[in-house]
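Working through the structure, step by step
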Amino acid sequence: MRYLLRRTFHAVFLLFGVSLLTFLFSSLTPGNYFDEMRLNPQIAPETVAALRAQYQLDRPLPVRYVHWLNAVAHGELGFSFAYNSPVGPLLWVRARNTLLLTVTATLLAWMLALPLGVWSASRLGRAPDRVLSGATATLLVIPDLVLALGLLIFAVRTGWFPTGGLVSVGFESFSPLHKLRDLALHMTLPVITLVLSALPTLVRHVRASVAEVLEAPFLKAALGHGLPHRKLLYSYALRAAANPLISLFGFSIGTLLSGSLLIEVVMSWPGLGPLLLEAILARDLYVVVGAVLLSMLFLVAGNLVADALLYWADPRIRTTASAK
Amino acid sequence: MTRPRKPTRWLIVLVVLHCVVAGAGFFAPYDPVAQDRERTYLPPMHIHMVDTHGHFHLRPFFYPLRLREGSFDQYQEDASAPSPLHFFTRGASYRLLGFVPSHLHLFGATDARICLLGSDAYGRDQLSRILYGGQVSLLAGLLGAGITLFLGALIGLAAGYYSGWRDELLMRTAELFLALPWLYLLFALRAFLPLSVSPLEAFLLVVVVIGMVGWARPARLVRGVVLSVKERDFVRAARGFGASDFYLLRRHILPETGSVLLTQAAILVPQFVLAEMTLSFLGLGVPEPMSSWGNLLATLQQYSVLVSYWWMYLPALAIVPFFLGYLGLASALQERAGAYNLNEKKSWNQT
């Protein structure tokens, strides 16, 4: 248990560091949200100064940081200037949309990658493996921006999929089944992009680690004992090869909130990505810090989950960890 | 697993690709900012060898496009006025590599404009803009990678050589940078720099921002190398002879990090080209009228362009051969170094 405690401590330290760093970065920004107001002759300079004072933008950086930390400790993430509302609920809605997208994509990617990778590893060097390696190499050299734009053009030209947004106009009046179909259609393109951009890495990792394990004597022995091939691959080889894959899975969980930023912007999916971009352009400080912190939380949590899974799955880690 | 491939083959591919972009003035038929407002959004033109009567011509030719009756953006080939294609012809003046003045172009036409990849909203030739845009994007990637590797090497050397609290501090900071999502970091850094600046300043800003983002991974790798090298006999011997820290670092330790830095360069350059594309695509990078692979794609954010003018997507494909070359080079170098890790690229990308 000490092992997990140490990892948790490390994670908390990381979160602190990141919050400080983002705060620092955002505060180095010349100008703030109220600068544009100052150009407006209808708004008195006193009003702008009062607003600045109200949001404490006139205070020195350390004071603001401590103030913000205090607010976070009370469960508040600050206040958005642009939306004129607390950051928490704002982020929550967007994060939900992002998660809808990324959880689906991550599950799909793993469900595809595991059988493909195992299959490829079991036929190492033969035709199916070659074809699959070629396919993953091709996907690897197509950047996600290029992929996303290409799919958008495809969608527009065929008219099969909507090209942006979460749902169609008039979603509220649809029947439940219709609602589901509408949502699925809107999700298709971004999910395909995310799956295709994650797939080559996953397949290659699965293939490499399973191929390594397949060389092991105990599997040759199991084969010699006449165990069925499928059982051999999926319940023996895959379990032995799980270690690096668990770490990778933790990483997948960690990037649930941050991995789809660009795709969301390109496909105009109302997730965290567009919100963050807007907030940066508008100098909406607390939204930026909040969004970054939220996705960092996921990254850290993903690592922790991976550590816990490793602890559970690998007796070697348990023994070395408790020995320390 | 896969057959080991020679890095040289990939290197040749890359050199050829870069030469094409570096010699954009020669390979592009037109000036990238030359407009033709009479004919906007021309679709890609076809080169013919056989005319409408079925006669074969040795010199390739094309039919100029003219507006279809009653339409404002639909073009059709004008078969009555075939225009021959000339090779090694005189055209718009340019400076090769920025200083050699020249008029020579690989191909061109005298009677009408030939836009092999179509033209944009101002009637500017897409092929020329892609080639010139490549100069901006690739230069940003290369310079960015240069800055990153310089920073990474410096920090890695310092951390590895002077262990103790300095090492601890630098590596904890590196961890923070590794943990922050890559795009966030790019945005955040870009955000605290001014938004509206001249194209050249914007370009330099982009280079600096990109260069500041990725130093953590090379720094960690360099540190690892330094940690093992500084205990090697020849380094200890040199130290025993009274060599200074600086001399040791420069003469004995830095050369040992060469292969790590080279591999990192092959991984970083395409990443950074993509970073420039992303920034410019989102309007945070290189502005018009300068072209870059990213800002050429920015028009695709308009729905009407997406619907009607598919060839505006073509600049996106320009990066793919470069990605292939660099990825091939990187994995060949890694195989040579014995570090079989093809997945570095993607995992870094997503972090």
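Residues numbered from 1 in each chain as written. Chains lettered and ligands numbered in written order. Predicted model: local features only at pLDDT ≥ 70, side-chain atom pairs only at ≥ 80, totals over all residues.

Observations regarding the overall build of chain A
Along its length, chain A carries 15 helices and two strands. Based on the C-alpha atoms only, the size of chain A along its principal axes is roughly 85 × 60 × 40 Å. Residue pairs in contact within chain A that sit at least 24 positions apart in sequence constitute 74% of those at least 6 positions apart. (Helix = DSSP H or I, 4+ residues; strand = E, 2+ residues; numbered from the N terminus. Contact = placed C-beta atoms within 7 Å.)

With respect to the overall build of chain B
Each helix and strand counted, chain B has 15 helices and seven strands in total. With respect to the three principal axes, the spread of C-alpha positions in chain B is 85 × 45 × 45 Å. With 351 residues in all, chain B has 43% of them scored as buried. Intrachain contacts of chain B at a sequence separation of at least 6 include 69% that bridge at least 24 residues. (Buried ≥ 20, exposed ≤ 12 C-beta atoms within 10 Å, placed from the backbone.)

Regarding the pairing of strand β2 (residues 56-62) of chain B
Residues and elements named next belong to chain B. Of the strand pairs in this sheet, strand β1 (residues 48-50) and β2 are connected by two bridges, and their pairing is antiparallel. Bridge pairing in β2 links V50 to F56. Taking the residues between adjacent antiparallel strands as the criterion, β1 and β2 are bridged by five residues, where G54 takes a positive phi near 85°. The sheet contact formed by β2 and strand β5 (residues 83-84) spans two bridges and is antiparallel. Looking at β5, one finds that F62 is bridged to S83. (Pairing = 2+ DSSP bridges.)

Remarks on the nonpolar core
Core analysis: the biggest nonpolar cluster contains 167 residues, and L149, V210, L276 and A291 of chain A together with V206 of chain B have the highest contact counts within it. Excluding anything up to four places from it in sequence, V206 of chain B contacts A140, E276, L279, G285 and V286 of chain B. (Core = buried A, V, L, I, M, F, W, Y, C linked by C-beta atoms within 7 Å.)

Description of the domain arrangement of chain A
Put simply, an interface is often sized by how much accessible area is lost when its parts join up. All names here are of chain A. With domains assigned, chain A is organised as domain 1 (2-86) and domain 2 (94-314). The gap between the C-alpha centroids of domain 1 and domain 2 is 33 Å. In this complex, domain 1 contributes 22 residues to the contact, which on the side of domain 2 involves 19 residues. Where the side of domain 1 that touches domain 2 is concerned, the elements lending two or more residues are α1 (2-28) and β1 (79-80). A per-element tally of the side of domain 1 that touches domain 2 places α1 first, with twelve residues. Residues that form the side of domain 1 that touches domain 2 fall into these classes: twelve nonpolar, nine polar and one charged. (Domains from an automatic or database assignment. Nonpolar A, V, L, I, M, F, W, Y, C, P; charged D, E, K, R; others polar.)

Re the pairing of strand β7 (residues 100-108) of chain B
Every other side chain in a regular strand lies on the same face of the sheet, so the side chains alternate between the two faces. Residue and element names in this part refer to chain B. Bridge count for strand β6 (residues 86-96) against β7 is seven bridges, and the pairing is antiparallel. Across the sheet, R90 pairs through a bridge with L104, a residue of β7. With antiparallel pairing between neighbouring strands as the criterion, β6 and β7 make up a hairpin whose turn holds three residues, including L97 at a positive phi of roughly 55°.

Let's talk about unusual backbone geometry
Residue and element names in this part refer to chain B. The phi angle at Y41 is positive, at roughly 50°, despite the residue not being glycine. Residue position: Y41 is located in the loop between α2 (24-27) and β1. A positive phi angle, near 50°, is found at F88, a position not held by glycine. Topologically, F88 is positioned in strand β6. In this structure F88 comes out as exposed when scored by C-beta crowding, with 10 C-beta atoms within 10 Å.

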